[in-house]
Amino acid sequence: QVQLLESGGGLVQAGGSLRLSCAASGLTFSSYAMGWFRQAPGKEREFVATISTTGGSTYSSNSVKGRFTISRDNAKNTAFLQMNSLKPEDSAVYFCAAGYLVAGDPTLFRYWGQGTQVTVSS
């Protein structure tokens with residue numbers, strides 16, 4: 001059974017940092033591109049960042065570019081999202097996903113985690 005388990009969310013002050021982790025099991029991790037998405041209450045799910053199978057290519061949304069960094073450690077079957085200079089508008093549930101291509105389209109991701117809450121206070 002495939003499982004993606006996010007961790008590292010929590011409450012942080014504006015300007016602070018968090019690192020989210022996504023531990024994968026039940027799949028050949030190195031065969032999948034990974035992505036991070038977020039969803040705030042009353043809003044649609046939003047692309048955050050994605051990374052290719054080897055980590056050679058990364059893309060991020062304009063809203064987080066320069067502040068967030070996606071990475072992966074294939075030996076540990078884990079993807080990460082380093083979040084710096086956090087703003088209140090970054091508050092959302094953050095989801096990890098695995099798919100076949102490095103992309104920002106959520107329909108290209110096959111497996112999803114349950115999400116982890118990130119709350120940034122003013």
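Thresholds applied
Residues numbered from 1 in each chain as written. Predicted model: local features only at pLDDT ≥ 70, side-chain atom pairs only at ≥ 80, totals over all residues. Heavy atoms only, no water. Patch = residues over 30% accessible without salt bridge, like charges linked within 9 Å, V, L, I, M, F, W, Y side chains within 5 Å. Areas by Shrake-Rupley, 256 points an atom, 1.4 Å probe, with all protein chains shown as cover. Salt bridge = Lys/Arg side-chain N within 4 Å of Asp/Glu carboxyl O. Helix = DSSP H or I, 4+ residues; strand = E, 2+ residues; numbered from the N terminus. Buried < 20%, exposed > 50% of the residue type's maximum accessible area, 1.4 Å probe, protein only. Pairing = 2+ DSSP bridges.

1. Describing a nonpolar patch on the surface
Here is step 1 of the chain: On the surface, Tyr100, Leu101 and Leu108 cluster together into a nonpolar patch covering about 300 Å² of accessible area.
Here is step 2 of the chain: The residue Tyr100 is located in the loop between β9 (92-99) and β10 (109-112) in this model.

2. Considering the pairing of strand β4 (residues 33-39)
Here is step 1 of the chain: Within β4, 6 of the 7 residues are buried, leaving the element largely enclosed by the surrounding structure.
Here is step 2 of the chain: Judged from the 7 bridges that link them, β4 and β9 form a sheet pairing that is antiparallel. Looking across to β9, one finds that Arg38 is bridged to Tyr94.
Here is step 3 of the chain: Pairing geometry for β4 and strand β5 (residues 46-51), over 5 bridges, is antiparallel. For Gly35, the partnering residue across the bridge sits in β5 and is Thr50.

3. Observations regarding the pattern of salt bridges
Here is step 1 of the chain: In this structure the tally under the stated criterion is 3 salt bridges.
Here is step 2 of the chain: The partner of Arg38 in a salt bridge is Glu46, with the nearest N and O atoms 2.9 Å apart.
Here is step 3 of the chain: Take Glu46: its relative accessible area is 32%, and that puts it in the partly exposed class.
Here is step 4 of the chain: For Asp90, the salt bridge identified is with Arg67, shortest N-O distance 2.8 Å. In this pair, Asp90 is assigned in the loop between β8 (78-83) and β9 and Arg67 in the loop between β6 (58-60) and β7 (68-73), connecting sequence segments 23 residues apart.
Here is step 5 of the chain: By relative accessible area, which is 12% here, Arg67 ends up buried.
Here is step 6 of the chain: Each of Arg38, Glu46, Arg67 and Asp90 takes part in a single network of salt bridges with overlapping partners.

Limitation: the analysis is restricted to geometry and does not speak to function.
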